[in-house]
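# Descriptive structure summary
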Amino acid sequence: MSNSTTLTATALHGLVQDGRAPRLLDVRTPAEFRTAHIPGSTNVPLATLREHRDDLLPHLGADTVLVCRSGARAAQAARLLPGLQVLDGGVNAWELAGAPLTRGPERWDMERQVRLVAGSIVLVSGLAGVVVPGAHLIGTAVGAGLAFAALSNTCAMGMLLARLPYNRGPRPDLRQVIAELRTAA
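Let us look at the structure shown here.

The rules behind these values
Residues numbered from 1 in each chain as written. Predicted model: local features only at pLDDT ≥ 70, side-chain atom pairs only at ≥ 80, totals over all residues. Heavy atoms only, no water. Salt bridge = Lys/Arg side-chain N within 4 Å of Asp/Glu carboxyl O. Buried < 20%, exposed > 50% of the residue type's maximum accessible area, 1.4 Å probe, protein only. Helix = DSSP H or I, 4+ residues; strand = E, 2+ residues; numbered from the N terminus. Core = buried A, V, L, I, M, F, W, Y, C linked by side-chain atoms within 4.5 Å. Contact = heavy atoms within 4.5 Å.

Scanning the model with the defined rule gives 7 salt bridges in all. A salt bridge links arginine 28 to aspartate 26, with the nearest nitrogen and oxygen atoms 2.8 Å apart. Arginine 28 gets classed as buried once you look at its relative accessible area, which sits at 4%. A salt bridge links glutamate 111 to arginine 115; its shortest N-O distance comes to 2.9 Å. Residue glutamate 111 and its partner arginine 115 are both found in helix α7 (residues 110–131); the two are separated by 4 residues, about one turn of the helix. Through salt bridges that share partners, Arg69, Glu111 and Arg115 make up one connected network.

What follows is about the nonpolar core. Leu25, Leu49, Leu56, Leu66 and Leu81 are the most contacted members of the largest nonpolar core, which has 18 residues in total. Looking at this core, the elements that each hand over two or more residues are α3 (46–51), α5 (72–80) and α11 (174–184). The residues touching leucine 56, leaving out its near neighbours within four places in the chain, are Val44, Leu49, Leu174, Val177, Ile178 and Leu181. The next biggest cluster of nonpolar side chains, apart from the first, holds 14 residues, and it includes Leu15, Ala36, Ile38 and Val67.

Structure below.
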């Protein structure tokens with residue numbers, strides 16, 4: 001259990017407009033960050049944050065808000081960094097609130113990629129099951145994995161897809177990230 005609190009997109013947008021913007025730490029993949037992010041946010045992918053938690057922690061204060069697409073990965077990051085806030089609903093909620101985003105080249109977000117891969121596996125294994133007895137059980141296993149992902153609020157398939165070159169992009173330089181965090185303080 002973390003000591004984190006949530007902050008609504010409307011409340012965060014109000015702080016930004018009033019010139020009291022907190023430090024924003026976006027924990028999505030570099031590719032997702034390049035597609036669209038909240039202006040002024042710093043990208044530290046969840047995997048990097050896990051690896052360099054002790055290096056980053058001294059540069060983060062209670063005014064730090066963790067951001068991802070929907071809030072799930074930010075909540076995971078909050079368990080690693082207790083006491084920080086999570087943007088409720090993530091970038092999706094921020095955009096729905098009419099707040100500005102810095103946009104880059106369009107890419108498929110992780111959830112869409114998971115739906116494509118999982119759906120394709122289920123479709124192919126179902127069709128193969130007509131010819132190969134038992135092949136349909138692969139789709140059953142994928143369905144069980146998706147159910148577990150929903151119940152645990154984690155996604156093994158998403159974590160695997162995040163490692164593909166399409167999703168990785170350049171790995172953030174830890175020194176540069178820490179310099180950005182110092183500047184934002």
